[in-house]
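# Notes for the structure review
One-letter residues, chain by chain:
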Amino acid sequence: MTFTLRRQLTVALENEPGRLALISRLLTDSGVTIDGLCVIDNIEQGVVRILPSDADVCHDHLTSNGFYVVESEVLAVNLSSMHGILARVTQALADGKINIDYAYVTAAHEAGYSMLVMKVSDLPMAESILENLAFDGSMPAE
């Protein structure tokens with residue numbers, strides 16, 4: 001198991017047809033790849049969380065097209081197909097008193113792994129916990 005820190009962009013969108021298509025088209029035109037995406041509906045608007053290949057270009061392109069963008073740092077954990085890996089990662093964070101504010105899983109990426117994307121309450125502590133978990137022999141090395 002490996003993990004990285006990533007910059008995630010969040011955009012509020014009107015909950016109407018074509019708004020996600022517009023963002024997708026803007027990012028395609030700017031050369032940005034969407035590595036992860038989470039769409040949350042609400043009564044009046046949707047919230048789109050984007051894990052872009054290039055956060056700077058993504059941010060600049062969206063804001064120059066009138067979108068309000070919020071950035072946050074998230075953990076992106078490569079998940080193997082090992083049975084119970086999600087349980088081990090989330091239990092290790094729970095044991096360390098780290099709250100997972102939200103999480104989503106991406107489609108398969110490199111070598112068939114999906115990524116677990118998490119916004120956590122204490123990023124430095126979560127990194128330390130995951131580093132220890134990756135090297136304590138309970139998780140497979142990659």
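Source: prediction; values computed, not measured.

The helix and strand inventory of the protein stands at 4 helices and 6 strands. What you see in the protein, going N to C, is helices and strands ordered as β-α-β-β-α-β-α-β-β-α. If you line up the protein on its principal axes, its C-alpha atoms span 45 × 30 × 25 Å. Of the roughly 7800 Å² that the protein leaves accessible, carbon and sulfur atoms contribute 51%. Here the protein contributes 8 positive and 19 negative side-chain charges, whose respective centroids are spaced 3 Å apart.

Moving on, we get to the confidence of the model for the protein. Per-residue confidence for the protein gives a mean pLDDT of 89, with 91% of residues at or over 70. The least confident element of the protein is helix α4 (residues 123–135), whose mean pLDDT is 90; the most confident is helix α2 (residues 55–64), at 96.

A grouping of Leu-20, Ile-34, Leu-37 and Val-39 is seen on the molecular surface, where their side chains present a nonpolar patch of about 300 Å² in accessible area. In terms of residue count, the dominant contributor to the nonpolar patch is strand β2 (residues 34–40) (3 residues). Structurally, Leu-37 can be placed in strand β2.

So, about the pairing of strand β6 (residues 114–120). Within β6, 5 of the 7 residues are buried, which leaves it mostly tucked inside the rest of the structure. Examined bridge by bridge, strand β4 (residues 69–79) and β6 share 5 bridges and lie antiparallel to one another. Residue pairing for β6: Leu-75 is matched across the bridge by Met-118. Of the strand pairs in this sheet, strand β5 (residues 100–105) and β6 are connected by 5 bridges, and their pairing is antiparallel. Following the sheet pairing, Tyr-104 is matched in β6 by Val-117.

The tally for this structure, following the rule as stated, stands at 0 aromatic pairs. Between the NZ or CZ atom of Arg-49 and the centre of the ring of Tyr-102, over which it lies, the distance is 3.5 Å.

As a further point, take the nonpolar core. Core analysis: the largest hydrophobic core is formed by 19 residues, its most contacted members being Met-1, Leu-75, Val-77, Val-89, Leu-93, Met-118 and Leu-130. Sorting the residues of this core by element identifies β4, α3 (85–95), β6 and α4 as the ones contributing at least two each. If you tally residues by element for this core, the top one is α4, at 6 residues. Aside from chain neighbours lying at most four places away, what touches Val-77 is Met-1, Thr-2, Phe-3, Ser-114, Met-115, Leu-116, Met-118 and Leu-130. One finds Val-11, Leu-26, Val-48 and Val-69 within the second-largest nonpolar core, a separate group that totals 13 residues.

What follows is about the pattern of salt bridges. Enumeration according to the criterion identifies 4 salt bridges in this entry. In this structure, Asp-56 engages Arg-7 in a salt bridge whose closest nitrogen and oxygen atoms are separated by 2.8 Å. Linking Asp-56 in helix α2 with Arg-7 in strand β1 (residues 3–14), this pair joins segments that are 49 residues apart in sequence. When the shortest N-O distance is used, the salt bridge between Arg-7 and Glu-71 registers 2.8 Å.

Our next topic: the environment of Met-118. Here Met-118 lies in strand β6. For Met-118, a relative accessible area of 0% puts it in the buried group. Look past the residues within four positions of Met-118 in its chain and what remains in contact with it is Val-74, Leu-75, Val-77, Val-89, Leu-93, Ile-100, Tyr-102 and Ala-103.

Rules used in this analysis
- Residues numbered from 1 in each chain as written.
- Predicted model: local features only at pLDDT ≥ 70, side-chain atom pairs only at ≥ 80, totals over all residues.
- Heavy atoms only, no water.
- Helix = DSSP H or I, 4+ residues; strand = E, 2+ residues; numbered from the N terminus.
- Areas by Shrake-Rupley, 256 points an atom, 1.4 Å probe, with all protein chains shown as cover.
- Lys, Arg positive; Asp, Glu negative; His and termini not counted.
- Charge placed at Lys NZ, Arg CZ, Asp CG, Glu CD.
- pLDDT = per-residue confidence, 0-100.
- Patch = residues over 30% accessible without salt bridge, like charges linked within 9 Å, V, L, I, M, F, W, Y side chains within 5 Å.
- Salt bridge = Lys/Arg side-chain N within 4 Å of Asp/Glu carboxyl O.
- Buried < 20%, exposed > 50% of the residue type's maximum accessible area, 1.4 Å probe, protein only.
- Pairing = 2+ DSSP bridges.
- Phe/Tyr/Trp six-rings, centres within 6.5 Å; stacked < 30°, edge-to-face > 60°.
- Lys NZ or Arg CZ within 6 Å of the ring centre and 35° of its normal.
- Core = buried A, V, L, I, M, F, W, Y, C linked by side-chain atoms within 4.5 Å.
- Contact = heavy atoms within 4.5 Å.

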